[in-house]
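Here are the chains, one letter per residue:
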Amino acid sequence: MGHFRPVPDVSRKEKRMSKFVHLHIHSEFSLLDGANRIKDLPKRAKELGMDAIALTDHGVMYGAIDFYKACKAEGVKPIIGCEVYVAPRSRLDKEPNIDNKYNHLILLAKDNEGYKNLSKLVSLGFVDGYYYKPRIDLEILEKYHEGLICLSACLAGAVNQALLNGQNEKAEEIALWHKRVFGEDYYIEIQNNGIQEQVLANQKLVQLARKLDIPLVATNDAHYLKKEDAYNHEVLLCIQTGKRMSDIDRMRFDTDELYVKSPEEMIEYFKAFPDAIENTVKIAEKCNVEFEFGHTILPNYDVPKEFPTHYDYFKKLCDDGIEKRYGKNPSKEILDRAEYEISVIKKMGYVDYFLIVWDFINYAKTHGIPVGPGRGSGAGSIIAYAIEITDIDPMKYGLLFERFLNPERISMPDFDVDFCYEHRQDVIDYVSRKYGHDHVSQIITFGTMAAKMVIRDVARVLDVQYSEADSLAKMIPNELHITIKKALEQNKELKERYESDELVKKVLDIAMGLEGMPRQASTHACGIVITKEPVDTYVPLYVRDGQISTQYIMTTLEELGLLKMDFLGLRTLTVIQDTIDLVKENRGINVEFDKNASYFEKFGKPDREIVVASDGILTDGYTMYLIYKENNIEDVEVRVEDWGASSYRNERTMYIYGRHINGDDVDNKTYMWRVPSNWMRFRDNVQIGDVILCKTKYGIGIVSVTDKKIYDKCPVNFRVKKVASKTIFKKKVSYAKYNFA
């Protein structure tokens, strides 16, 4: 598998680990159950003197890669695992009152094969076995056990349940089955969690382990970070179950011991069973999964047999496309641009990427499915225009190829493609047929507990009156990425109530403790991943409403080098196509909306100003209008009216569509200027400005890296000082706040 590095030789002794390692941990991705934030787990482990820590969320692996990266950043060894649900019979049996019961089992990946098998098991739990929970069974556990370590789990484990029910023979039978399958990698798990039943279970588990010669291992089933977080965790459980803290029948653990304990605490509790402590370290030493990031793994694209290589076929498409778009004698500027882009695409290894994108867009266009003209940085490629991936001429509008594909920024190119809303699925189905249904998947996304919502949730759980909760929530400013902490700094009234009212302080403190945690999983609106091998070879799968998605979000898939595409369903394209069909049906006129130049003559220009944006987060107090002029839809005027105080207005410098306007040269209240017909509204113009300001010392390539830093949601490591002065950068940031899309 291309996205893994070779596993280190575990037979070679490395530096000795700590005296104890946590192997049973639930994070925030045990949705509304675990309260450990991924980023905090390795930090806490390091504080407590532990060199390694495991992640074993309930039935899922949502946080595996984030956990891996967080651990590596702290110098702590990550152990990738999962607490799976095991069906009482077959995972395929789904009979009410029988198959809604299940047992728990801890699985830890020893190596790369183990990660692959764990991913497969977790995927099958959703794809085949989902019934209340994603369930596996003993059949597939035996089939995919290689490279895995198995622990008997908590009180909900099959061995524990049998022992607590007095079924000692059944408990032995279950334990021996797992010992036969996993051999020396099967452990009987004993816990220190403060639950009364666990004390009795531990006694019986030790007796069973000694009798059957199965090693013991000590864990703590940690659901929160510190002991003082127990109350917040109870509130979280109430949010999950729709209960209040005052409800007698609410779900609760009856203990405040499910936290990440220190090695000293665990050693003291299990001092009678030192082998159970020692085995945690031995297990950690066995586990060595390593991910490789940034290595691109494209699916196989088959070219016609008459072409020796994929590049030959790509070059033929490009040459034919240039001739079709620009005629038989294109200018030297066009030919040079095309040659340059082709060389970069080939050098960076993205020939197949362009072929894959061209193929499904070509399918859509040849099957009557409306496709958008192109959006985003991909419109800056003359090759994309030539082979009809896009329909925007980058030469005409001065668009930059480097914003799309840049040798200075080694990252996957990204075409965002609009399809007719009603036929988007037809294109996805085509891609699935071409590459294999198990090679194509949609992508997961997570809704989080945002500031206002988590305040309302916590207030409900604590029986706070609705009017009081509503009042608190409304004090949170309507800003992107606002947090309760920021709101307390900005809103004096909220701050005063927080400091003077104990109930308000309690609600907000708990809300801040839970804020930002994932609340639910859903399917990304447009993301699709296409893989070389079956998707679950690389990532675990998730199922929602019959749709299969990856368990890793879009950015994580990109980090792993997988091909992610945005197939956007745009209703506007559907409406346009319906209109074209109606015009043809009723008037007998064939309209090609992207080719007819005389629309204004036929239909007349708009008779009113069009509000583009008004008093929103991005406009920051401005209202923007487009005013169509003369007979060309591109020949417009833009008027921006200042309705109040604005951070951009106060700076006296405006960046609208990349057009630099000095506030001193125009009226104080209304800014109005002409946008020439040959000047397209793209962010590329800001980059061109940077090249001029930098006197082209570092070239367009480096400037594009700066642009990536400013506009993209995820930061890219680079040095700002190499590109422009702090003053210029500050102004560009202001522009980015306004025009980010």
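Residues numbered from 1 in each chain as written. Predicted model: local features only at pLDDT ≥ 70, side-chain atom pairs only at ≥ 80, totals over all residues. Heavy atoms only, no water.

Chemist: Describe in detail the packing of aromatic side chains, supporting the description with residues and values.
Modeler: Taken as a whole and judged by the stated rule, the model has 29 aromatic pairs. An angle of 70° between the planes, with centres 5.0 Å apart, marks the rings of tyrosine 62 and phenylalanine 446 as edge-to-face. Here tyrosine 62, found in the loop between strand S1 (52–55) and helix H2 (64–74), pairs with phenylalanine 446, found in strand S9 (residues 440–448); they are 384 residues apart in sequence, far enough to count as distant. Exposure remark for phenylalanine 446: the relative accessible area of 19% places this residue in the buried category. The rings of Phe314, Tyr340, Tyr350, Tyr353, Phe354, Phe401, Phe404 and Phe415 are connected pair by pair, giving a single aromatic cluster. Directly above the aromatic system of tyrosine 385 lies the positively charged group of arginine 325, at a separation of 4.0 Å from the ring centroid. The ring of tyrosine 421 is capped by arginine 571, whose NZ or CZ atom sits 3.9 Å from the centre of that ring. (Phe/Tyr/Trp six-rings, centres within 6.5 Å; stacked < 30°, edge-to-face > 60°. Helix = DSSP H or I, 4+ residues; strand = E, 2+ residues; numbered from the N terminus. Buried < 20%, exposed > 50% of the residue type's maximum accessible area, 1.4 Å probe, protein only. Lys NZ or Arg CZ within 6 Å of the ring centre and 35° of its normal.)

Chemist: Describe the side chain of aspartate 418, naming the residues involved and giving the relevant values.
Modeler: The residue aspartate 418 is located in strand S8 (residues 416–420) in this model. A distance of 2.8 Å separates polar atoms of two side chains, one belonging to aspartate 418 and the other to arginine 375. Among residues more than four places away in sequence, those in contact with aspartate 418 are Pro370, Val371, Gly372, Arg375, Leu568, Leu570 and Leu573. (Polar contact = N/O pair within 3.5 Å; in protein donor to acceptor, adjacent residues only side chain to side chain. Contact = heavy atoms within 4.5 Å.)

Chemist: Give a detailed account of empty space enclosed by the protein, specifying residues and quantitative values.
Modeler: A complete count under the given rule lists 5 cavities of 30 Å³ or more for this structure. One number sums up the size of the largest cavity: a volume of about 60 Å³. Every residue along the wall of the largest cavity is listed here: Gly372, Gly374, Arg375, Ile389, Thr390, Phe415, Asp416, Val417 and Asp418. A class-by-class count of the residues in the lining of the largest cavity yields 3 nonpolar, 3 polar and 3 charged. (1 Å grid on protein atoms, 1.4 Å probe; cavity = no way out; pocket = protein on both sides within 12 Å on 5 of 7 lines; lining within 4 Å. Points joined across faces, edges and corners; volume = space filled by probe spheres on them. Nonpolar A, V, L, I, M, F, W, Y, C, P; charged D, E, K, R; others polar.)

Chemist: Account for the packing of helix H17 (residues 451–461) against helix H21 (residues 502–514), naming residues and giving values.
Modeler: Packed helices, taken two at a time, are described by the angle between their axes plus the distance between the axes. One can describe the packing of H17 onto H21 by two numbers: an axis separation of 9 Å at closest approach and a directional angle of 125°. One finds that H17 runs oblique with respect to H21. Once H17 is placed against H21, the crossing between them reads as right-handed. On H21, the residues touching Val454, Ile455, Val458 and Ala459 of H17 are Val507, Leu508, Ile510, Ala511 and Leu514. (Axes fitted to C-alpha atoms, helices over the stretch in contact; angles between N-to-C directions. Parallel < 35°, antiparallel > 145°, perpendicular 65-115°, else oblique. Left-handed = near helix turned anticlockwise from the far one by under 90°.)

Chemist: So what about a negative patch on the surface? Which residues, and what values?
Modeler: Residues Glu422, Asp578, Asp581 and Glu585 make up a contiguous surface patch of negative charge. Relative to the elements of secondary structure, glutamate 422 occurs in the loop between S8 and helix H16 (424–435). Residue glutamate 422 is classed as exposed on the basis of its relative accessible area of 54%. (Patch = residues over 30% accessible without salt bridge, like charges linked within 9 Å, V, L, I, M, F, W, Y side chains within 5 Å. Areas by Shrake-Rupley, 256 points an atom, 1.4 Å probe, with all protein chains shown as cover. Salt bridge = Lys/Arg side-chain N within 4 Å of Asp/Glu carboxyl O. Lys, Arg positive; Asp, Glu negative; His and termini not counted. Charge placed at Lys NZ, Arg CZ, Asp CG, Glu CD.)

Chemist: Could you give me a rundown of the pattern of salt bridges, with the residues and numbers involved?
Modeler: Summed over all chains, the structure comprises 41 salt bridges. With a shortest N-O distance of 3.5 Å, glutamate 95 and arginine 89 are connected by a salt bridge. With its nearest N and O atoms 3.0 Å apart, the salt bridge here joins lysine 315 to aspartate 319. In this pair, lysine 315 and aspartate 319 both sit in helix H11 (residues 310–326), 4 residues apart, roughly one turn of the helix. Linked by salt bridges that have partners in common, Arg89, Asp93, Glu95 and Asp99 make up one network.

Chemist: Lay out unusual backbone geometry in plain terms, naming residues and giving numbers.
Modeler: The phi angle at tyrosine 132 is positive, at roughly 70°, despite the residue not being glycine. Looking at the secondary structure, you find tyrosine 132 in the loop between helix H3 (112–127) and strand S4 (135–136). You will see that aspartate 213, though not glycine, has its phi angle at about 55°, which is positive. Mapped onto the elements, aspartate 213 comes out in the loop between helix H7 (196–212) and strand S7 (216–219).

Chemist: Pulling in residues and values, what's your account of the pairing of strand S12 (residues 547–550)?
Modeler: Taken together, the 2 bridges between S9 and S12 define a ladder with parallel strand orientation. Bridged to glutamine 442 within S12 is serine 549. Across 4 bridges, strand S11 (residues 541–544) lies against S12 in antiparallel orientation. Bridge pairing in S12 links leucine 541 to threonine 550. Linking S11 back to S12 in an antiparallel pair, the connection comprises 2 residues, with aspartate 545 at a positive phi of about 50°. (Pairing = 2+ DSSP bridges.)

Chemist: Explain the packing of helix H1 (residues 40–47) against H2 to me, and be specific about the residues and the numbers.
Modeler: Between H1 and H2, the shortest axis-to-axis distance is 8 Å and the interhelical angle comes to 35°. The element H1 and its partner H2 pack so that their crossing is right-handed. Facing Leu41, Pro42, Lys43 and Lys46 of H1, the residues of H2 in contact are Phe67, Ala70, Cys71 and Glu74. A class-by-class count of the residues in the contact of H1 with H2 yields 5 nonpolar, no polar and 3 charged.

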